[in-house]
Amino acid sequence: MTIDLLIRPARFEDVDALVELISVLFAVEEDFAADRDKQRAGLELFFNHPEGRHLIVAEHQQQVIGMCSAQLLISTAAGGWKALIEDVVVEERFRGQGIGKRLLDALAEWAKQQGVRRMDLLADCNNSTGLNFYDQLQWRRTNLVALQKPMKI
């Protein structure tokens, strides 16, 4: 079944829906816990500092049902820009309809326009559904391990 879908840049008035979507995502990611205030603050940074960032949504019947974002970073390995993809999520009831692929394709098009040489993303190693999705889209798994160090400010 094909649904009426609009892929567009996120707007500030989408923040509540985006916070909800991130909560759905964090329910399957072991390293993160949903904290609506933190997610709202992070999203507001996207709107207040848009340079080198792209936050898009999938909209169906005037409701945000999916999202993903990209941020530009310099890659010495690629000798240029890379895009870090984050927060790829589609409401459960709309999964399996190509919406995630369309979101990632739209980010890839933006990345090409920015001169990006490589796109990276992180996925929870226990999220078999998400990993299978990325495998089908020909994302290559690497031997790198993601490490984090929380900072106190």
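Just above, that's the structure.
Reference entry: report on the structure contained in this document. Residue indices begin from 1 for each chain and proceed along its sequence in written order. Note on the predicted model: pLDDT of at least 70 is required for a residue's local features to be given, and 80 or more for side-chain atom pairs to be given and counted; whole-chain, interface and lining totals, by contrast, use all residues. Side-chain measures were taken over the full set of non-hydrogen atoms in the model, leaving aside hydrogen atoms and water.

1. Section: the pairing of strand E3 (residues 63-75)
Okay, so step 1: Sheet topology note: the strand E2 (residues 53-60)/E3 ladder contains eight bridges and is antiparallel. Residue pairing in the sheet places Leu55 in a bridge with Ser69 of E3.
Okay, so step 2: Here, a strand pair is defined by DSSP locating no fewer than two bridges between the strands. Helical segments are the DSSP runs of H or I of at least four residues, strand segments are the runs of E of at least two, and each set is numbered from the N terminus. As consecutive antiparallel partners, E2 and E3 are separated by two residues, and within that stretch Gln61 has a phi angle of approximately 50 degrees, a positive value.
Okay, so step 3: Looking at chain direction, E3 and strand E4 (residues 80-90) are connected through nine bridges and run antiparallel. Paired with Leu72 across the two strands is Ala83, which belongs to E4.
Okay, so step 4: Between E3 and E4, which pair antiparallel one after the other, the connecting turn spans four residues, and Gly79 there sits at a positive phi close to 70 degrees.

2. What about the packing of helix H1 (residues 15-26) against helix H2 (residues 36-48)?
Okay, so step 1: Between H1 and H2, whose axes approach to 9 Å, the crossing angle comes to 125 degrees. As far as their axial angle goes, H2 and H1 are oblique. Once H1 is placed against H2, the crossing between them reads as right-handed. Where H1 abuts H2, its residues Val15, Asp16, Leu18, Val19, Glu20, Ile22, Ser23 and Phe26 lie against Arg36, Gln39, Arg40, Leu43 and Phe47.
Okay, so step 2: Residue composition of the contact of H1 with H2, by class: seven nonpolar, two polar and four charged. Each axis is a line fitted through C-alpha atoms, and for a helix only the stretch in contact is used; angles between axes span 0 to 180 degrees, taken between their N-to-C directions. Note on angle classes: values under 35 degrees are labelled roughly parallel, values over 145 roughly antiparallel, values of 65 to 115 roughly perpendicular, and the remainder oblique. It is the rotation of the near helix from the far one that decides the hand of a crossing: anticlockwise by less than a right angle makes it left-handed, clockwise makes it right-handed. Contact definition: two residues touch when any of their heavy atoms are within 4.5 Å. Each residue is assigned to one class: nonpolar for Ala, Val, Leu, Ile, Met, Phe, Trp, Tyr, Cys and Pro, charged for Asp, Glu, Lys and Arg, and polar for all the others, Gly among them.

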